[in-house]
Amino acid sequence: MIPFLDMKSVYAELKPELDAAYHRVMESGWFVLGKEVEAFEAEYAAFCGTKHCVGLANGLEALEMVLRAWDIGPGDEVIVPSNTYIATWLAVTAVGATVVPVEPTPAGPNIDPERIEAALTPRTKAIMPVHLYGEPADMDAIVALAAKRGIRVIEDVAQAQGAKVRGRRVGSLGDAGAHSFFPSKNIGAFGDGGAVTTDDPKIAERLRTMRNYGSKVKYVNLERGFNSRLDELQAAFLRAKLPRLDAWNERRRLIAARYDDKLAGIPGLGLPRVPQWAEPVWHLYVVRTKRRADVVKALEKAGIGSLIHYPIPPHLQEAYADLKQGKGSFPLAEELAETVLSLPMGPHMPAEAVDEVASAIRSVLS
Ligand SMILES: *Cc1c(COP(=O)(O)O)cnc(C)c1O
């Protein structure tokens, strides 16, 4: 049996550190907005290469709260990828702004900067690139375009913690980065968590107020805020994991390289093609095939897990039926939804498991 994602080995690897973190918080008697969150924020900002980090309850609210902190709302437009997880869109529509979807590059999976320019209008306030599957979007081109037009860039870093573009970490490349610590992400909590990284002290300060009911001084409310706080226990666990993140991402790279090697030359199978300038962190290893159903069935029979990220693009979801962007509106995103398949991946996956997955796929497609 090869699971899609091994969620148990991390505890086996880090038990002493995680247990110590648990005891530290339990014995402190302090569970919300305390020393652990403060320390994690400093450590994670240093890791990402930003001046500030603000711990929040989850990745979706991290995206939404940055838009609110920029006063983006009804009448404003935000450029989003047509090919993404629905959270990216939900953040934009939650503040009442309009999503303007832009198709991925032909090699995929990320937003195509060449198509962004044509989608800009005088109402465009921000671009929200997503580093999907752990592969950085073309930030040099996106940031240059945004600077020329005087609009902001918020990176959706949920799938790409630790990834780099020309040596610089994602989350430090735009005006703000929104991170998720959902358990399955490259660095995950044991529950929900999120953060925003930024160099802008004003935005960091506003988010600190916003996450705590819009309050700086207890029971004095400056704005209509959220309850969106990273809790002490999760912050303590994340602090135990952060020193391992680069090594875990390196293990993912080795797994991806082995997949590249073992899956090469299989007819009808498209492998991920990462641009030269990108250092991805392989949140997912995603192949493409028109015979996806056959492959999934063969993997299942061999006891191998796989998942589809994502089977329905946001514009075809019931949730966005009111936008009336029917089938055919974003053909590249639609084609990806019909052909992508995520193979088992993770820092604790043994190399031999890659060989087993590859041979199961080869035997069905050859
Ligand atoms: C996971 C994810 C999110 C949302 O993060 P949560 O912490 O689950 O709210 C946003 N965007 C992308 C691309 C994601 O994969």
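What counts and what doesn't
Residues numbered from 1 in each chain as written. Predicted model: local features only at pLDDT ≥ 70, side-chain atom pairs only at ≥ 80, totals over all residues. Heavy atoms only, no water. Near = heavy atom within 4 Å. Polar contact = N/O pair within 3.5 Å; in protein donor to acceptor, adjacent residues only side chain to side chain. Areas by Shrake-Rupley, 256 points an atom, 1.4 Å probe, with all protein chains shown as cover. Domains from an automatic or database assignment. Contact = heavy atoms within 4.5 Å. Buried area = accessible area lost by both parts, 1.4 Å probe. Salt bridge = Lys/Arg side-chain N within 4 Å of Asp/Glu carboxyl O. Helix = DSSP H or I, 4+ residues; strand = E, 2+ residues; numbered from the N terminus. Nonpolar A, V, L, I, M, F, W, Y, C, P; charged D, E, K, R; others polar. Phe/Tyr/Trp six-rings, centres within 6.5 Å; stacked < 30°, edge-to-face > 60°. Buried < 20%, exposed > 50% of the residue type's maximum accessible area, 1.4 Å probe, protein only. Lys NZ or Arg CZ within 6 Å of the ring centre and 35° of its normal. Pairing = 2+ DSSP bridges. Axes fitted to C-alpha atoms, helices over the stretch in contact; angles between N-to-C directions.

A.B. asks: An account of the site of the ligand is needed here, citing residue identities and associated values.
C.D. replies: Neighbouring the ligand are Asn58, Gly59, Leu60, Tyr85, Ala87, Val130, Asp156, Ala158, Gln159, Ser180, Lys185 and Gly193. Glycine 59 places a polar main-chain atom, nitrogen or oxygen, 2.8 Å from an oxygen atom of the ligand. Contact distances for the ligand include 2.8 Å between a nitrogen atom and a side-chain N or O atom of aspartate 156. Isolated, the ligand exposes 380 Å² of accessible area, and the fraction of that covered by the protein chains is 90%.

A.B. asks: Account for the domain arrangement of the protein chain, with residues named and values stated.
C.D. replies: What the domain assignment reports for the protein chain is domain 1 (8-243) and domain 2 (245-365). Just the C-alpha atoms count here: the centres of domain 1 and domain 2 sit 24 Å apart. Each side of the interface is counted separately: domain 1 has 44 residues, and domain 2 has 35 residues. Across the domain 1 to domain 2 interface the summed buried area is about 3400 Å²; carbon plus sulfur atoms make up 59%. Summed over the shared surface of domain 1 and domain 2, the number is 1 salt bridge. Of all the secondary structure elements, the ones that give two or more residues to the side of domain 1 that touches domain 2 are helix 1 (9-28), helix 4 (86-94), strand 3 (98-102) and strand 6 (164-165). Broken down by class, the residue content of the side of domain 1 that touches domain 2 amounts to 21 nonpolar, 13 polar and 10 charged.

A.B. asks: Help me get a handle on the packing of aromatic side chains, residues and values and all.
C.D. replies: Inspection of the entire model under this criterion finds 9 aromatic pairs. Aromatic side chains phenylalanine 40 and phenylalanine 181 sit 5.5 Å apart centroid to centroid with 80° between the ring planes, which places their arrangement in the edge-to-face category. Separated by 141 residues along the polypeptide, phenylalanine 40 in helix 2 (residues 35-48) and phenylalanine 181 in the loop between strand 8 (176-180) and strand 9 (194-198) bring together distant segments of the chain. Taken as a pair, phenylalanine 40 and phenylalanine 181 share a single burial class, namely buried. The structure contains a cluster of three or more aromatic residues connected by ring pairs, namely Phe40, Tyr44, Phe47 and Phe181. Directly above the ring of phenylalanine 47 sits arginine 169, whose terminal nitrogen or CZ lies 3.9 Å from the centroid.

A.B. asks: Before we move on, can you summarise helix 3 (residues 59-69) with the specific residues and values?
C.D. replies: Within helix 3, 8 of the 11 residues are buried, which leaves the element mostly enclosed by the surrounding structure. Regarding helix 3, the residues found buried are Gly59, Ala62, Leu63, Glu64, Met65, Val66, Leu67 and Ala69. In this structure, the buried residues of helix 3 make contact with strand 1 (52-56), helix 4, strand 5 (152-156), strand 8, strand 9 and helix 7 (201-210). By the N-cap criterion, in which a side-chain oxygen at the helix start approaches the backbone nitrogen of a residue two or three places on, helix 3 is capped by asparagine 58, the distance to leucine 60 being 3.2 Å. With its phi angle positive at about 60°, aspartate 71 sits one or two positions after the end of helix 3.

A.B. asks: I'd like to hear about the sheet that holds strand 12 (residues 278-279), residue by residue, with values.
C.D. replies: Strand order in the open sheet formed by 3 strands is 7-6-12, and the pairing between neighbours is antiparallel. Since the sheet does not close on itself, it has two edges, and those belong to strand 7 (168-169) and strand 12, each with one partner. When strand 6 meets strand 7, the two strands line up antiparallel, connected through 2 bridges. Bridged to lysine 164 within strand 7 is arginine 169.

A.B. asks: An account of the pattern of salt bridges is needed here, citing residue identities and associated values.
C.D. replies: All chains considered together, the criterion is met by 23 salt bridges. The salt bridge partner of arginine 68 is glutamate 64, with a shortest N-O separation of 3.0 Å. Of this pair, arginine 68 and glutamate 64 both sit in helix 3, 4 residues apart, which is roughly one turn of that helix. For the salt bridge of lysine 148 with glutamate 117, the shortest nitrogen-to-oxygen distance reads 3.5 Å. Of this pair, lysine 148 sits in helix 6 (residues 139-149) while glutamate 117 sits in helix 5 (residues 113-119), placing them 31 residues apart in sequence. When salt bridges with common partners are traced through the structure, they connect Arg24, Glu36, Glu43 and Arg239 into a single cluster.

A.B. asks: Break down unusual backbone geometry for me, citing the residues and quoting the values.
C.D. replies: Of the consecutive residues glycine 108 and proline 109, the connecting peptide bond is found in the cis state with omega at 0°. Put simply, histidine 309 and tyrosine 310 share a cis peptide bond, and its omega is 10°. On the secondary structure map, tyrosine 310 appears in the loop between helix 10 (292-301) and helix 11 (331-339). The phi torsion at tyrosine 133 lies on the positive side, around 65°, for a residue other than glycine. Looking at the element boundaries, tyrosine 133 is found in the loop between strand 4 (124-127) and helix 6. On the basis of relative accessible area, tyrosine 133 is assigned to the buried category, the value being 8%. Phi at tryptophan 282 takes a positive value of approximately 50°, unusual for a residue other than glycine. On the secondary structure map, tryptophan 282 appears in the loop between strand 12 and strand 13 (285-288).

A.B. asks: So what's going on with the sheet that holds strand 5? Residues and values would help.
C.D. replies: Strand order in the open sheet formed by 7 strands is 1-9-8-5-4-2-3, with mixed pairing between adjacent strands. Looking at strand neighbours, the two that pair on one side only are strand 1 and strand 3, the edges of this open sheet. Here the average twist between neighbouring strands, direction ignored, is 25°. Judged from the 4 bridges that link them, strand 8 and strand 9 form a sheet pairing that is antiparallel. Bridging across to strand 9, serine 180 finds its partner in glycine 194. Where helix 2 meets the sheet, its contacts fall on strand 1, strand 8 and strand 9, and the angle it forms with strand 1 comes to roughly 125°.

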